[in-house]
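So you can see what is in the structure, the chains are spelled out below.
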Amino acid sequence: MDTPTRNPVIAEDLQQIFARPEDWQRFAGSHVLIAGATSFLAAYLVEFFASLSERWPDRPVVIHALARNPEKLRRRFPHLCGQSWFQPIIQDVCSPLPALEQVDFIVHAAGAGSPKQYLSDPIGTTCSNVLGMLNLLEVAKQHQARLLFMSSGAVYGHAQSDEPISESDFGGLDPLDVSACYGEGKRVAETLCADYHRQYGVATVMARISHTYGPGIDLDDGRSFADFVRDALVGRDIVLNSDGSGSRPFCYVSDATAAFLILLLRGEGGNAYNVGLDQETTILELARLIASLSPTPGLKVIHPPLNPGRQALFRSSGHFDLAKMEGLGWRPSILPQAGFARTLRYFTQH
């Protein structure tokens, strides 16, 4: 049987992250607890820390990979299972965590990340954000560890503006809305992070993340870009559910991962930072781009008759002000043309 290896697209992405002008040696010999280790964004962090352990076998980064499903963990990281520095913790983040001898960095990435997921389990979504955060903050307090929370632009609510969204901009959120489990859960978790920083001095940092894609996305998660990639891979014409005029800032996962790592090392405690792309692509432009990148030539983009009620569900536009992350020396560099080409190559080689 062949020895499992890392997908070459992910390996290239990790090399590009490592090449950034950052003192990655600060992670050497540390213990990192990652909750939600198999989730899309957290998995890239696991891969990066694993690559550091492979580079520095004398001072490996010990990865405590918390996940609920051991089989999913084995499927996602077959090339890591069995390594002494890869230490799974199989449980729900909402349950008290086992005692650990050393924890230097913590990442909370557990919980639903797409509407399809969180609408199917709203209670679990709220609990993973709030109860899970309490459990991880207690570990951070005990070990004086730095903690990164994977938050979301959903905390900004529904305010409409043509201006880029900064970390101090907020709109309304209806706590009784069907999607409040996600946005309100993220808001409460951020409040807990800020309070643990103020009251106990825990170094908590929050990444407010916008639309992120790349290798490892769940092609069944219901978001438009995932649907388009799935269609392109199977050679199926892409059907729009709107007129395609809405636009989104699509950030490639390795750019986002670099931001998360910088925040773990240098983010200011008790602060939130926008992480995303500040250039928007319309849904129609994205559909046409992904169709053109398909391994099957000649795919079409189809516009069905529009349902005005459904069309009203689509937010028209909006992107982040990235000045705060730019102050830490980070800007995204991979635009959708290159990023979605890499995503499709990952799946064709997977």
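Residues numbered from 1 in each chain as written. Predicted model: local features only at pLDDT ≥ 70, side-chain atom pairs only at ≥ 80, totals over all residues. Heavy atoms only, no water.

On to the packing of helix α1 (residues 8-18) against helix α12 (residues 336-349). Relative to each other, α1 and α12 sit at 140°, their axes nearing to 8 Å. Of the possible angle classes, the one that applies to α1 and α12 is oblique. Contacts between α1 and α12 involve Pro8, Val9, Ile10, Glu12 and Asp13 from the first element and Arg342, Arg345, Tyr346 and Gln349 from the second. Its residues placed into classes, the contact of α1 with α12 shows four nonpolar, one polar and four charged. (Axes fitted to C-alpha atoms, helices over the stretch in contact; angles between N-to-C directions. Helix = DSSP H or I, 4+ residues; strand = E, 2+ residues; numbered from the N terminus. Parallel < 35°, antiparallel > 145°, perpendicular 65-115°, else oblique. Contact = heavy atoms within 4.5 Å. Nonpolar A, V, L, I, M, F, W, Y, C, P; charged D, E, K, R; others polar.)

With that settled, consider the side chain of threonine 125. Within the fold, threonine 125 resides in helix α5 (residues 122-143). Apart from residues lying up to four places away in sequence, threonine 125 is in contact with Ala112, Tyr118, Cys181 and Tyr182.

All right, on to the state of the cysteines then. Summed over all chains, the structure comprises zero disulfides. Free of any disulfide, cysteine 94 has its nearest neighbouring cysteine sulfur in cysteine 127, separated by 5.3 Å. Residue class for cysteine 94 comes out partly exposed when judged on its relative accessible area of 25%. Cysteine cysteine 181 remains unbridged, with the sulfur of cysteine 127 as its closest cysteine sulfur at 11 Å. (Disulfide = S-S within 2.5 Å. Buried < 20%, exposed > 50% of the residue type's maximum accessible area, 1.4 Å probe, protein only.)

Time to look at the confidence of the model for the protein. Scored by pLDDT, the protein has a mean of 93; 95% of the residues are at 70 or more. Here residues 309-315 is modelled with pLDDT under 50, and outside its nearest four sequence neighbours on either side it reaches 11 contacts, counting other chains as well. (pLDDT = per-residue confidence, 0-100.)

With the rule as written, the count across this model stands at 16 aromatic pairs. Taking 6.3 Å as the distance between ring centres and 55° as the angle between the ring planes, the aromatic pair formed by phenylalanine 18 and tryptophan 56 counts as tilted. Here phenylalanine 18, found in helix α1, pairs with tryptophan 56, found in the loop between α2 (40-55) and β2 (62-67); they are 38 residues apart in sequence, far enough to count as distant. Residue classification places phenylalanine 18 among the partly exposed residues on the basis of a relative accessible area of 21%. Judged by relative accessible area, tryptophan 56 falls into the buried class, the value being 16%. (Phe/Tyr/Trp six-rings, centres within 6.5 Å; stacked < 30°, edge-to-face > 60°.)

On to the environment of isoleucine 165, then. Checked against the element boundaries, isoleucine 165 lands in the loop between β5 (146-152) and α6 (180-200). Overall, the relative accessible area of 24% leaves isoleucine 165 in the partly exposed class. The residues touching isoleucine 165, leaving out its near neighbours within four places in the chain, are Tyr156, Asn274, His319, Phe320 and Asp321.

As a further point, take the nonpolar core. If you look at soluble globular proteins, the nonpolar side chains tend to sit buried side by side. One finds Phe27, Ile34, Phe49 and Phe260 to be the most contacted residues of the largest nonpolar core, which totals 87 residues. Examining the composition of this core, we find that 11 residues originate from one element, α2, more than from any other. If sequence neighbours within four positions are ignored, isoleucine 34 has contacts with Ala42, Leu45, Val46, Phe49, Ile63, His64, Ala65, Leu66 and Val107. The next biggest cluster of nonpolar side chains, apart from the first, holds 26 residues, and it includes Leu33, Leu137, Leu147 and Cys193. (Core = buried A, V, L, I, M, F, W, Y, C linked by side-chain atoms within 4.5 Å.)

Attention now moves to α12. Here α12 is 14 residues long and its end C-alpha atoms lie 19 Å apart, about the 20 Å a rise of 1.5 Å per residue gives. Among all positions of α12, only Pro336, Gly339, Phe340, Arg342, Thr343, Leu344, Tyr346 and Phe347 are buried. On its buried face, α12 sits against α1, β7 (212-213), α7 (224-234), β10 (251-252), β12 (281-282) and α9 (283-293). (Expected span 1.5 Å × (residues − 1).)

Since the α-helix packs 3.6 residues into each turn, any two residues three or four apart lie on the same face. Buried within α9 are the following residues: Ile283, Leu284, Leu286, Ala287, Leu289, Ile290 and Ala291. Buried residues along α9 sit against α7, β8 (238-239), β9 (247-248), β12, β13 (301-302) and α12.

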